[in-house]
Amino acid sequence: MKPQPGWPSSSCPSPSFSPHRVDVCVVEMRLSVAARKLWCIRKQLIVLLVPLLFLPLLFTLPEKEGKCLYVVLLMAIFWCTEALPLAVTAMLPVCLFPTLGILPSKKVCIQYFLETNFLFLSGLLMASSIEEWGLHRRIALKVLSIVGLQPAKLILGMMMTSSFLSMWLSNTATTAMMLPIANAILESLFGDLETLKEKCKSPRQSSVKLHSLPSVATEKQTLSGERTPEEIQSEAQYQMKVWKGFLICIPYAASIGGTATLTGTAPNLILIGQLKTYFPNCELINFGSWFAFAFPLMLIFLLVGWLWIAFLYGGLSPRLCFRKNERAEAEAKAKAVIVEEYRKLGRINFAEGAISFFFILFAILLFTRDPKFFTGWSVLFKKGYVSDAVTGVIISSILFFFPSQKPSLSWWFDSRASNAPYVPLLSWKKAQESVPWNIILLLGGGFAMAKACEESGLAAWIGGHLQPLAEVPPAAAVMLITGFVACFTEFASNTATIIIFLPVIAELAIRVSVNPLYFMIPATIGCSYAFMLPVSTPPNSIAFASGHLMVKDMVKTGAVMNVLGILCVSLAINTWGVAMFNLTDNPDWAQTNKTTQPPSGRTSIFPLCFKMSL
């Protein structure tokens, strides 16, 4: 009997042999085809079905709270699954909040360009000009030429450079720029990657003919210094581990570095925006005070993370990956690569010098506007009128007309000189291409969601159902919150994560009579600690796409990195964070925003539990 159409020719037996088995194979194949079809249209199904699944919320909960929760859950699902582009989901409040009667459009639309968005935009423009003239590459190569070429030192140099650049550039751009530099150095140290992989195979698996080489070192090999295939394989495997350590440290350091400045990553700015929404009288967090808190935390976590990565991938191993003469030769080659790349950049030109000046001026003005621990320059202006956004826009606006070539008086009198228009440090065309405008919309969508949660009473309603957490000591609650957010952000973008959870965390702090900053700051930093999966952050994806890392490498390394990050954040918030932001008190700016008071006779549990935790 001939096989019927649709029957597998090899995996299923002949129908004359087992008709029942053939039927099962046909059904399985059709189910497999249907599953693949459903997977192809999964995003469209999510967009159509999720709104229908959540419809009962509109009828089972209080009217305004139910409607707001309906929109929040829709946006959360769409953000986590990316059923719609992130920026499109961020614009849903403009159409859903007014039509459902949650918030008028004039209150929704204004959230999309608060002063926080302008601060973020100015940071992005500064980063664009730095990338345009290659200043970031010069900084990276200079640092690597200083730290030395031993594996542990090079890993530390990579992490220091990546974290510093990520404080000002996006962590994605930093990773994309640093990985090619790392690969060039590694190739000069260890040779071609494919050859190294071939050496990592056992002598029996290797495609190189090694049958003439004995498996036990002979006297001649011992005297001449030749190595057996087993020694070559062992050394290559060690070098491969070091190579993975180089690649994995760069995205991790970029994610850590972005937490040190307000403009380094979007969640930091979302914290500022939501603080202005929930606690308009809170003026403790600005660029200077955030840097004073987060920069030491970044240094500690960077050092601890370096020790873990260097230990795990052989950078701190006393074993040498080369014999002495070979190591010296390889290090000389690697140093030559760095020197040659730096030489190609030439001398610092006028544009790089100008960008360096405005970059330093940008940082100094933001740090000293109102640092809280000394009087800043903002006192020269009317109180409350000058913010970090004003400073950022002033400096970034200068970039659009400041010349990139050194002005010369002789040009006016030289008839043969070129009369072409001068090129500014930053053009609007470059800004349009390099600024991620979708992130600005994402920030606006987050602020609109926070405003709706506050005015609809949803945040207070959720906070009422979190009352049992009041019995948890605040020091332990910080670790739980940070750990939960860090785990959630492994599967969703850090921006979407903090937008979803920050209003709930703020309301929880109010309910348990704790300074809201004590919970909100660790949650904000923790949502940038996504180290375990390639899909967690774009930097992880870029490193994984190189093809040299496996998922198990990232999970094994990232799980410990997450734990170390949670411990470092808890240390920071319970030591210098308490002193900087006066976290032992429940401040007046939080009391005035309470929608409901704690049960009568109940006092703040924070001071007692805080002392116990120390």
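Residues numbered from 1 in each chain as written. Predicted model: local features only at pLDDT ≥ 70, side-chain atom pairs only at ≥ 80, totals over all residues. Heavy atoms only, no water.

**Considering the overall build of the chain**
Heads up, the condition is: Secondary structure follows DSSP: runs of H or I at least 4 residues long count as helices, runs of E at least 2 residues long count as strands, and numbering of each begins at the N terminus. Burial classes: relative accessible area under 20% of the type maximum marks a residue as buried, over 50% as exposed, and values in between as partly exposed (1.4 Å probe, protein chains only). Throughout, a contact is declared for two residues whenever any of their heavy atoms are within 4.5 Å. Values of accessible area rely on a 1.4 Å probe in the Shrake-Rupley scheme; residue burial ignores everything except the protein chains shown.
Helix and strand counts for the chain come out as 31 helices and 0 strands. Burial analysis of the chain (614 residues in total) assigns 49% to the buried set. Of all intrachain contacts in the chain linking residues separated by at least 6 positions in sequence, the fraction that spans at least 24 positions is 78%. Carbon and sulfur atoms provide 65% of the accessible area of the chain, an area that totals close to 29300 Å².

**A short note on the packing of aromatic side chains**
The condition is simple: Any two of the Phe, Tyr and Trp rings considered here, Trp counted by its six-membered ring, make a pair once their centres fall within 6.5 Å; the pair's planes then place it as stacked at under 30 degrees, edge-to-face at over 60, or tilted in between. By the criterion adopted, a ring carries a charge over it if an Arg CZ or a Lys NZ lies within 6 Å of its centre and within 35 degrees of its normal.
Enumeration over the complete set of coordinates arrives at 26 aromatic pairs. Centroid distance phenylalanine 293 to tryptophan 576: 6.3 Å. Interplanar angle 50°. Geometry classified as tilted. Within this pair, whereas phenylalanine 293 is found in helix α16 (residues 287-312), its partner tryptophan 576 is found in helix α29 (residues 576-581), the two being separated by 283 residues in sequence. Residues tyrosine 518 and phenylalanine 519 carry aromatic rings whose centres are separated by 5.8 Å and whose planes lie at 40° to one another, so their mutual orientation is tilted. No difference in accessibility class separates tyrosine 518 from phenylalanine 519, as the two residues are buried. A network of ring pairs unites the aromatic residues Trp168, Phe287, Phe291, Phe295, Phe359 and Phe367 as a single cluster. The aromatic ring of tyrosine 342 is capped on one face by arginine 138, whose charged end is 5.4 Å from the ring centroid. Cation over ring: lysine 142 sits above tyrosine 342, and NZ or CZ is 5.4 Å from the ring centre.

**Quick notes on the packing of α16 against helix α26 (residues 516-526)**
Note the following rule: Angles shown run from 0 to 180 degrees and are taken between the N-to-C directions of axes, each axis being a line fitted to C-alpha atoms and, for helices, limited to the stretch in contact. Roughly parallel here means an angle under 35 degrees, roughly antiparallel means over 145, roughly perpendicular means 65 to 115, and every remaining angle is called oblique. Take the far helix as your reference; a near helix turned counterclockwise from it by less than a right angle gives a left-handed crossing, and one turned clockwise gives a right-handed crossing. When residues are grouped by polarity, Ala, Val, Leu, Ile, Met, Phe, Trp, Tyr, Cys and Pro land in nonpolar, Asp, Glu, Lys and Arg in charged, and all others, Gly among them, in polar.
One can describe the packing of α16 onto α26 by two numbers: an axis separation of 13 Å at closest approach and a directional angle of 55°. Relative to α26, the element α16 is oriented oblique. For α16 against α26, the interelement crossing comes out right-handed. Mapping the contact onto sequence places Trp290, Phe293 and Leu297 in α16 and Ile521, Thr524 and Ile525 in α26. The class makeup of the residues in the contact of α16 with α26 is 5 nonpolar, 1 polar and no charged.

**A closer look at the environment of phenylalanine 359**
Of note, phenylalanine 359 is situated in helix α18 (residues 350-368). Distance from phenylalanine 359 to methionine 126, taken between C-alpha atoms, is 7.2 Å for residues 233 residues apart in sequence. The residues touching phenylalanine 359, leaving out its near neighbours within four places in the chain, are Met126, Ile130, Phe164 and Trp168.

**Some points on the nonpolar core**
As a reminder, the rule being used: Side-chain atoms within 4.5 Å are what join buried Ala, Val, Leu, Ile, Met, Phe, Trp, Tyr and Cys residues into a set we call a nonpolar core.
Ranked by size, the top nonpolar core spans 157 residues in total, and within it Met158, Phe279, Phe293, Ile309, Leu517, Phe519 and Ile521 carry the most contacts. Of the residues forming this core, the biggest block, 14 residues, is contributed by α16. Residue contacts for phenylalanine 293: discarding those within four places in its chain leaves Ile521, Ile525, Ala572, Ile573, Trp576, Gly577, Met580 and Phe581.

**Description of a nonpolar patch on the surface**
We count it as follows: The residues that make up patches have over 30% relative accessible area and no salt bridge, and they are joined within 9 Å when like-charged or within 5 Å when they are Val, Leu, Ile, Met, Phe, Trp or Tyr. Here, a salt bridge means any side-chain nitrogen of Lys or Arg that lies within 4 Å of a carboxyl oxygen of Asp or Glu.
Together, Leu48, Leu49, Leu52, Leu53, Leu55 and Phe59 make up a nonpolar patch on the protein surface, roughly 660 Å² of accessible area in all. The greatest single-element share of the nonpolar patch, amounting to 4 residues, is contributed by helix α2 (residues 42-53). Looking at where leucine 48 falls in the secondary structure, it is placed in helix α2.

**A closer look at the layout of surface pockets**
This is how it is decided: The distinction between a cavity and a pocket rests on a 1 Å grid over the protein atoms alone: a 1.4 Å probe fits inside a cavity but cannot get out, while a pocket stays open yet meets protein on both sides within 12 Å along at least five of seven lines, and a residue with an atom within 4 Å of a point counts as lining. Grid points are joined across faces, edges and corners, and a volume is the space filled by probe spheres set on the points.
Volume-wise, the largest pocket comes out at about 890 Å³. Looking at the largest pocket, it is lined by 40 residues, and the ones nearest its centre are Asn171, Thr172, Ile439, Asn494 and Pro538. Elements supplying a minimum of two residues to the lining of the largest pocket: α2, α4 (63-81), α8 (115-132), α11 (171-190), α15 (266-278), α22 (437-456), α25 (494-511) and α27 (538-545). Residue contributions to the lining of the largest pocket peak at 6 residues, all from α8. Residue classes in the lining of the largest pocket are distributed as 19 nonpolar, 17 polar and 4 charged. Computed from the structure, the second largest pocket encloses a volume of approximately 640 Å³. Together, 29 residues line the second largest pocket, and Lys276, Glu283, Arg369, Val386 and Ser387 are the ones closest to its centre. Sorting the residues of the lining of the second largest pocket by element identifies α8, α15 and α19 (388-398) as the ones contributing at least two each. Here the lining of the second largest pocket is built from residues that sort into 13 nonpolar, 7 polar and 9 charged.

**Let's talk about the pattern of salt bridges**
Considering all chains together, one arrives at 12 salt bridges under this definition. The residue lysine 276 makes a salt bridge to glutamate 115 at a minimum N-O spacing of 3.1 Å. Of this pair, lysine 276 sits in helix α15 while glutamate 115 sits in helix α8; the two residues are 161 residues apart in sequence, bridging distant segments of the chain. The class of glutamate 115 is partly exposed, set by a relative accessible area of 33%.

**As for the confidence of the model for the chain**
The test is simple: Each residue carries a pLDDT value, the predictor's own confidence for that position, ranging from 0 to 100.
Mean pLDDT over the chain stands at 78; residues scoring 70 or higher make up 79%. Low pLDDT (under 50) marks residues 204-225, which in the prediction has 20 contacts with non-local residues, meaning those over four places away or in another chain.

**Looking at the packing of helix α9 (residues 135-147) against helix α10 (residues 151-166)**
Between α9 and α10, the least distance of the axes is 9 Å, while the angle of their chain directions is 155°. Relative to α10, the element α9 is oriented roughly antiparallel. For α9 against α10, the interelement crossing comes out right-handed. Where α9 abuts α10, its residues His136, Ile139, Ala140, Val143, Leu144 and Val147 lie against Lys153, Leu154, Gly157, Met158, Thr161, Phe164 and Leu165. Here the residues of the contact of α9 with α10 sort into 9 nonpolar, 3 polar and 1 charged.

**Some thoughts on the environment of leucine 275**
In this fold, leucine 275 is placed in helix α15. As for leucine 275 and alanine 450, which are separated by 175 residues in sequence, their C-alpha atoms are 9.7 Å apart.

**A short note on α22**
Going by this rule: To estimate how far a helix should reach, multiply one less than its number of residues by 1.5 Å.
Between its first and last C-alpha atoms α22 spans 29 Å; for 20 residues at 1.5 Å apiece the expected length is 28 Å, and the two agree. Of all 20 residues that make up α22, 14 are buried, and the element is covered over most of its length. Glycine 457 occupies a position one or two residues after α22 and carries a positive phi of about 85°.

**Notes on the side chain of asparagine 540**
Threshold: We define a polar contact as two N or O atoms separated by no more than 3.5 Å, with the added condition that, inside protein, one atom must be a possible hydrogen donor and the other a possible acceptor, whereas residues neighbouring each other in sequence contribute only through side-chain atom pairs.
Here asparagine 540 lies in helix α27. Look at asparagine 540 and you get buried, because its relative accessible area is 0%. Looking at asparagine 540, its side chain comes within polar contact range of the main-chain oxygen of alanine 530, at 3.1 Å. Residues in contact with asparagine 540, not counting those within four places in the same chain, are Pro251, Tyr252, Ala530, Phe531, Met532, Leu533, Pro534 and Met554.

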